[in-house]
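Below are the chains, spelled out letter by letter.
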Amino acid sequence: MSSLLAVVGGILLVGGTAFLLFGAIGLVRMPDAYNRLQAGTKTTTLGTLLSLAGVACLHPEWALKLLLIGIFLLFTNPLSSQVLARAAHRIGVKKAPQTVVDRLEEDLAEKDLGARP
Amino acid sequence: MADVLVYLAATLAGVAFVLALIRFILGPSSADRIIAFDSLTIISITGIVLVALAEGRGIYLDVALVYALLSFLGVIVVARYIERGF
Amino acid sequence: MTPMLIGMSLLLAVTMVVAGVLATRPSQALSISILAAGLVSLLASVQFLLLAAPDVAMTEAAIGSGLTTFLFFFVLGRIRGGDRD
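A brief report on the enclosed structure follows.

### Some thoughts on the overall build of chain A
Right, so step 1: In terms of helices and strands, chain A carries four helices and zero strands.
Right, so step 2: Along the chain direction, N to C, the helices and strands of chain A fall in the order α-α-α-α.
Right, so step 3: At 19 Å, chain A has a C-alpha radius of gyration far larger than the 13 Å of a compact globule built from 117 residues.
Right, so step 4: Overall, chain A is about 70 × 30 × 20 Å in size when its C-alpha atoms are taken along their principal axes.
Right, so step 5: For chain A, buried positions account for 38% of its 117 residues.
Right, so step 6: Contacts in chain A between residues at least 24 apart in sequence constitute 69% of all its contacts with a sequence separation of at least 6.

In structure tokens:
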């Protein structure tokens, strides 16, 4: 029974770190800063949460602390990625030719159009 | 069985750390380097949890919590700085 | 120390050297230099953890990375205006 839990924990741990690796590969290979942000923050959030779940299966007595770290990461990580994306947009980081959708630009143009008359 | 999986997980996290470091060195703009910094710190949180698992000491998880808090604070501060100069 | 922890320590040491070189490079924005110096402090705290000193690691993470980076950016935002960054 406990060995089954250990194997499940190990598999979750390897899956989580595999997500970290995929995110890092995306961080190297994506063409511009916005795509790198997408690859670098979302996959690492899921990867870290899966790894914490795996360690919680391996050591069930640490589960409360690991849950605390997981909840903290779940709240702060998307927040920091959003702040970073807005900062990158505001200092005018260039888009790659493959990046075509820019909703923030459209919103700002719309607001300018509405404020002018 | 589980030990082998823990070793494999540490290797994967190490490779991910090296790749994020490559982006931190290359990154053409400031935003790329800040993104790489964010990824590096999140990968090292997993590294701290793996160290706690290898040493078998639960007190190391407190360090992981403080580390997560401070890396988040650093990213927020630098993003706010490059956005409008504090 | 198991081989896994020794490998992790070596990787962290190499990363700290690279981040230190990056912090002293003159041809980049000042904010990235401060961020690289903060990265050196953060990784130093993981090294202290590998040497089985969690209290020192927590202090290093709080003072060396958090407070110093925050203070540098705060002061830099206050005195900005004359020169470029």
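### A short note on the packing of helix 1 (residues 2-29) of chain A against helix 1 (residues 2-26) of chain B
Right, so step 1: Where helix 1 of chain A meets helix 1 of chain B, the closest approach of the two axes is 8 Å, and the angle between their N-to-C directions is 15°. In this view, helix 1 of chain A runs roughly parallel relative to helix 1 of chain B, as classed from their interaxial angle. As for the relative orientation of helix 1 of chain A and helix 1 of chain B, their crossing is left-handed in sense.
Right, so step 2: In terms of residue class, the contact of helix 1 of chain A with helix 1 of chain B is built from 24 nonpolar, four polar and one charged.

### Section: unusual backbone geometry
All names here are of chain C.
Right, so step 1: In the Ramachandran plot, A52 falls in the positive-phi region, its phi being about 65° despite a non-glycine side chain.
Right, so step 2: Mapped onto the secondary structure, A52 falls in the loop between helix 2 (30-50) and helix 3 (54-79).
Right, so step 3: The partly exposed category is assigned to A52, around which 13 C-beta atoms lie within 10 Å.

### Looking at the nonpolar core
Right, so step 1: Ranked by size, the top nonpolar core spans 88 residues in total, and within it L84 of chain A together with A16, A20, I48, V49 and A64 of chain B carry the most contacts.
Right, so step 2: Residues in contact with V49 of chain B, not counting those within four places in the same chain, are S51, L52 and V55 of chain A together with L61 and A64 of chain B.

### Comments concerning the interface of chain B and chain C
Right, so step 1: On the chain C side, the residues contacting the 33 residues of chain B number 32 residues.
Right, so step 2: For the side of chain B that touches chain C, the secondary-structure elements that each account for two or more residues are helix 1, helix 2 (30-55) and helix 3 (60-84) of chain B.
Right, so step 3: Considering each element in turn, the side of chain B that touches chain C owes the most residues, 13 residues, to helix 3 of chain B.
Right, so step 4: Class assignment for the residues of the side of chain B that touches chain C results in 23 nonpolar, eight polar and two charged.

### Looking at the arrangement of the chains
Right, so step 1: Here the protein chains form two pairs of chains in contact, of which the pair with the most contacts is chains A and B.
Right, so step 2: Separated without contact, chain A and chain C have their nearest C-alpha atoms at a distance of 13 Å.

Rules and cut-offs
Residues numbered from 1 in each chain as written. Chains lettered and ligands numbered in written order. Predicted model: local features only at pLDDT ≥ 70, side-chain atom pairs only at ≥ 80, totals over all residues. Helix = DSSP H or I, 4+ residues; strand = E, 2+ residues; numbered from the N terminus. Rg over C-alpha atoms; globule rule 2.2 N^0.38 Å. Buried ≥ 20, exposed ≤ 12 C-beta atoms within 10 Å, placed from the backbone. Contact = placed C-beta atoms within 7 Å. Axes fitted to C-alpha atoms, helices over the stretch in contact; angles between N-to-C directions. Parallel < 35°, antiparallel > 145°, perpendicular 65-115°, else oblique. Left-handed = near helix turned anticlockwise from the far one by under 90°. Nonpolar A, V, L, I, M, F, W, Y, C, P; charged D, E, K, R; others polar. Core = buried A, V, L, I, M, F, W, Y, C linked by C-beta atoms within 7 Å.

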